Amino acid sequence: MAKKASKKPSKKTSAAEEKKKPAAKKKTAAKKKTAAKKKTAAKKKPAAKKKTAAKKKTAAKKKTAAKKKPAAKKKTAAKKKTAAKKKTAAKKKTAAKKKTAAKKKTARKTTVKTVRAAPGKSAAAGKQLVIVESPAKAKTINRYLGGEFVVKASVGHIRDLPSRAPKGTKQPVPGVDIENDFAPTYEILSQKVKTVAELKRDAKAATVVWFATDLDREGEAIAWHLAKVLDVDPTVAKRVVFNAITRDEIQRAFAKPRAIDVDKVNAQQARRILDRIVGYQASPLLWKKVARGLSAGRVQSVAVRLVVERERAIEAHVPDESWRIDVRLASEVAAAPEHATQWREFLATTDDKGRGPNKRRQNQWMAEHASIATELYELGGERFKLGCKADEARDLSAEVEAAVEAVGMREVQIETVEDLEAKGPARFVRTASGAVDFDVRYEVASIETRRTSTKAPAPFITSTLQMAAATQLGFSAQRTMRLAQDLYEGVDLSGEGQVALITYMRTDSTHLSPEAIKVAREYIDDRFGEAYLPKKAKQYSSSNKDAQEAHEAIRPNEVARDPETIRARLHGPRAEEHYKLYKLIWSRFVGCQMTPARWDSTTVLLRRSDRPTGAVLKASGRVLAFDGFYRATGVPTASDEQTLPELQEGHVYAPFDIAPQQKFSNPPPRYSEASLVKALESEGIGRPSTYASIIQVVQSRNYVEQRDRRFYATDLGEVVTDKLIEAFPDLMDVGYTRQMESELDEVEDSKVDWVAMLRRFYGSFSTSLEEAHEGMAHAKAEIQPALYKCPKCGSRTCYRFGRNGRFLSCTAYPECDYAAPIDRRGRPLLPERVDIRNPEDGSNMELRNGRFGPFLASENYPVSTFVLNLDRSGKLKYPAIPPLVIPVEEEEGGIKCEKCGAALNLRRGKKGPWLGCSRFPKCRGRMGWKKLSEERRAELEAELAEHEKQHPLPTIARHDGTVIPEGTPVADLLMSGGVAELEIHPEAAAELGDTVPSPRPAAV
């Protein structure tokens, strides 16, 4: 039998556990209960007599009434029938409500208080029971343990805080007793009832219970909850942890079991309670002050703040101006005019996506033509630096013209175009053009070559793995962690079965065990040779001083398992993804123990020799002299380095292309998944194990959206962030979040009491919460002045916040109801005329913007309801023929929605006719076409064909009658001068003076 928890409670046992009541009290309560039952039974006897007499009296009355009023029977029957109908309708309505409520309830995470052991014989009888989190991990471990062990999976957490407070109790945070030292109440998750019942049965039958969950806080908490449910004392429980699922690691772990680390459990528990308090108490504030259904999170909200602040930094950026002059030189001076023509033709070529030659192709062309790319380095004996700061904008045309002439261009012209939407120096876009003087000569003045080296990066930790997988493989953080979990727990290898390939993947330590380093060095020496093996082994220490998640970096379990040798042996739908991620981890680990790569970097200076203008050009390039660790990881392919031809001092070159470029400093880039993970790590927001879920949650809540693999803050995200900062300046502070993570680390290290930490947090949080409920204004009540004049009443417009984000509204609302959607810069998205004639009434069509994005509608919309939709890439979609509604057939096997019983729509798809619920999208029920008899299908196809004849597709054509093919980009249909614009209000014009924004450019 498994060891039970001792009666004497341990000092380390969490405050969450209820104290056992003495057996004497139970006995006394039982006696009282028995006496009460007897007393109740004695009272029931006389009551029963009275009840019988009352029944007889009622029956007599009914008999008399029946004799007196025989005519009333028909009337009563009619009433009963009506009542029965009403009752039936009410029952149906109630049943429908219950069904809906049941569906809603299913979506919510439900819990139960207690679970009994499952009946039947246990497979663990007389054996040792090992409990892990996942079935895959259980399957892998089972290969290395003997027949006396039985491995079972809990499939993650089995207990959690309840989602609702018990009936009759006023608990602001369900499952957390704030007034009683934040004591949590845990309940079994409803979907884990069967699992817990089976584990209880197996634990009772087993001789020993081992807890082999993961080695981080979550794994320790799962082990603690399992021990509590199975009545095993955590202080004497057999807890085993291993960084890799290999035979040696498992045997070593089982040889030295330890007790469950309650301090680590308390750290996880404190984090869970913190998040529960913020979620359940800050979210209602957002419901009250912004909109229903919103939610706040202790960590996620701070992550959204990073994206919002980056968005605002981009909007506020005013660029600096600088100039760069690129010169391309031909090694054969006579070939310069010919090279000039060939170079222009080469730049005009495009690939299948319409893109011109990239940097690599340009360098390849230069190498093939024995030419070099240079830039102006010195002018008049001084380093060439031409530009101006954002707050000191000035016209640099004269300086640019002088510099370009000094380099070798004649007939120089400077053209200036004003961009009224840009800021600072970027408002004036200038281009310098002219003819290249082929008689200009440049002589090689100096050649300097030096050897540089590139060291191998450290082995992966969770954050760097997520970053590398995002940039090199295009994997999201969530996808990376799911694949890494598979590789850690075990994947199916043909000929071997379930095999674990990597060590534990949730870690922020770059430490490597001496055994792993030794094996890696032996492999490098044998596979690549002595030149690739450094004299001393490389040791890596974590750059993160708070590293605590695990003991070692992410590495392969066996270096001998080369990615290429196992590629063909991997099975399953994610086999190729498993291979790619394993290759990334394997090569990074092997490379980190190899010698640095060495480069020969060459810098060449060329001085103008035909005329003493003081122009000096610079060319640079590098060549890989020794690949070093690149032998394992691969040489970077995105290098823009040019390959220089053989050069000698005194050699003369002639220019064939001179390209002056006006440059503007860039705003800070928007976050990608990789850079956001890096920011979360550097700011101490969350832990490696939470980065993927943070990124997923902020997107699912519509606070952040991802476009072109970059994160943008939504209007909702900005408003919610502003409100949370206003209400909880400490909670939303990045430094405070980092401090909270440090305190949780101290709880794990037994330096801080978790209850005391929660008290300190809740003191300031509850005060801020109370003040916010009383004093904070509603987001919809806050307005920002806009520049535009209301086209309806002439008043000034303003920006308001609604359920779909910010929009332009009239300040005279509600007297004037004018409103318009806006773009990210606050400009109204007004209808634009397109070259399409409305097929219904012949009116002009316009490009409009709605809550679901852009669409095409008549200028008479909504009187004319004809609409054309666009796909995600802004291309025209033809309207679909309206579906044929098939009436409900009540007989058995009749046509109706199998989910809700509603009528079905019959449509023709790419694969033929299909039936879907007419209540879509509320109901997504479908009926298989092949379920119908051949005769019935033929009837319906004939009806559908007739329906399609009666409802032909409209012809979508331009105003001149030309038919527009489906998939035409809407940008090709915009009409010149068809952009609607709002006037600037006089008050706004007076405030802005000369900086009044220009109208949007019309489509050409």
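A short tour of the structure in this document, coming up. (Residues numbered from 1 in each chain as written. Predicted model: local features only at pLDDT ≥ 70, side-chain atom pairs only at ≥ 80, totals over all residues. Heavy atoms only, no water.)

1. Focus on the sheet that holds strand 25 (residues 796-802)
Okay, step 1: The four strands lie next to each other as 24-25-26-27, forming an open sheet whose pairing is antiparallel. Each edge of the sheet is formed by a strand with only one pairing partner; in this case those strands are strand 24 (784-789) and strand 27 (819-821). Between one strand axis and the next, the sheet turns by 40° as a mean value, whatever way the strands run.
Okay, step 2: Looking at chain direction, strand 25 and strand 26 (residues 805-810) are connected through six bridges and run antiparallel. Its bridge partner lying in strand 26, C798 is registered against S809. (Pairing = 2+ DSSP bridges. Helix = DSSP H or I, 4+ residues; strand = E, 2+ residues; numbered from the N terminus. Axes fitted to C-alpha atoms, helices over the stretch in contact; angles between N-to-C directions.)

2. A closer look at the sheet that holds strand 32 (residues 884-886)
Okay, step 1: Sheet architecture is open: four strands sit in the order 32-33-34-35, paired in antiparallel fashion. A strand with exactly one partner marks an edge of an open sheet, and here the two such strands are strand 32 and strand 35 (926-927).
Okay, step 2: The sheet contact formed by strand 32 and strand 33 (residues 904-909) spans three bridges and is antiparallel. The residue bridging I886 from the neighbouring strand is L904, located in strand 33.

3. Observations concerning the packing of helix 8 (residues 300-316) against helix 19 (residues 691-700)
Okay, step 1: Close contact between helix 8 and helix 19 brings their axes to 10 Å; oriented N to C, the two are set at 75°. In terms of their interaxial angle, helix 8 and helix 19 are classed as roughly perpendicular. Across the interface between the two elements, Q300, A303 and V304 of helix 8 pack against I694, V697 and V698 of helix 19.
Okay, step 2: Considering only residue class, the contact of helix 8 with helix 19 consists of five nonpolar, one polar and no charged. (Parallel < 35°, antiparallel > 145°, perpendicular 65-115°, else oblique. Contact = heavy atoms within 4.5 Å. Nonpolar A, V, L, I, M, F, W, Y, C, P; charged D, E, K, R; others polar.)

4. Some points on the packing of aromatic side chains
Okay, step 1: The final tally for this structure, using the stated rule, is 20 aromatic pairs.
Okay, step 2: Here Y762 and F765 contribute two aromatic rings whose centre-to-centre distance is 6.2 Å and whose plane-to-plane angle is 40°, an arrangement assigned as tilted. Taken as a pair, Y762 and F765 lie in helix 22 (residues 754-775) at a separation of three residues, close to a single helical turn.
Okay, step 3: Judged by relative accessible area, F765 falls into the buried class, the value being 3%.
Okay, step 4: Joined through ring pairs, the aromatic side chains of F182, F728, F761, Y762 and F765 make up one cluster.
Okay, step 5: The residue whose ring lies beneath R310 is Y671, and the NZ or CZ to ring-centre distance is 4.3 Å.
Okay, step 6: The ring of W599 carries the charged tip of R622 above its face, separated from the ring centre by 3.7 Å. (Phe/Tyr/Trp six-rings, centres within 6.5 Å; stacked < 30°, edge-to-face > 60°. Buried < 20%, exposed > 50% of the residue type's maximum accessible area, 1.4 Å probe, protein only. Lys NZ or Arg CZ within 6 Å of the ring centre and 35° of its normal.)

5. Structural notes on a negative patch on the surface
Okay, step 1: On the surface, E522, D525, D526 and E530 cluster together to form a negatively charged patch.
Okay, step 2: Tracing the sequence through the fold places D526 in helix 14 (residues 514-527). (Patch = residues over 30% accessible without salt bridge, like charges linked within 9 Å, V, L, I, M, F, W, Y side chains within 5 Å. Areas by Shrake-Rupley, 256 points an atom, 1.4 Å probe, with all protein chains shown as cover. Salt bridge = Lys/Arg side-chain N within 4 Å of Asp/Glu carboxyl O. Lys, Arg positive; Asp, Glu negative; His and termini not counted. Charge placed at Lys NZ, Arg CZ, Asp CG, Glu CD.)

6. Structural notes on the packing of helix 7 (residues 262-289) against helix 21 (residues 734-748)
Okay, step 1: Following both chains from N to C, one finds helix 7 and helix 21 inclined at 150°, their axes separated by 7 Å at the closest point. With respect to helix 21, the axis of helix 7 lies roughly antiparallel. For the pair helix 7 and helix 21, the contacting residues are D263, K264, N266, A267, A270, R271 and L274 in the first and M740, E741, L744, V747 and E748 in the second.
Okay, step 2: For the contact of helix 7 with helix 21, the class distribution of residues is six nonpolar, one polar and five charged.

7. As for the environment of I658
Okay, step 1: Mapping I658 onto the fold places it in strand 21 (residues 652-664).
Okay, step 2: Considering only alpha carbons, one finds I658 and S433, 225 residues apart in sequence, at a separation of 8.9 Å.
Okay, step 3: Ignoring sequence-local partners within four residues, the contact set of I658 consists of I325, D326, V327, V407, G408, M409 and V436.

8. Let's talk about the nonpolar core
Okay, step 1: Judged by nonpolar contacts, the single largest core of 165 residues is most densely connected at F211, F242, L501, I502, F761 and F765.
Okay, step 2: For this core, the element with the highest residue contribution is helix 7, accounting for ten residues.
Okay, step 3: Other than its neighbours up to four places away in sequence, F211 contacts I131, A223, L226, A227, L230, V232, A237, K238, R239 and V240.
Okay, step 4: Residues F384, L386, A432 and A619 belong to the second largest nonpolar core, which totals 30 residues. (Core = buried A, V, L, I, M, F, W, Y, C linked by side-chain atoms within 4.5 Å.)

9. Overview of unusual backbone geometry
Okay, step 1: Note that the residue after Y813, namely P814, is joined by a cis bond; omega there is 10°.
Okay, step 2: Within the element layout of this structure, P814 appears in the loop between strand 26 and strand 27.
Okay, step 3: The backbone of S750 sits at a positive phi, close to 65°, despite the residue not being glycine.
Okay, step 4: As for its position among the elements, S750 is in the loop between helix 21 and helix 22.
Okay, step 5: Assessed through its relative accessible area of 48%, S750 is described here as partly exposed.

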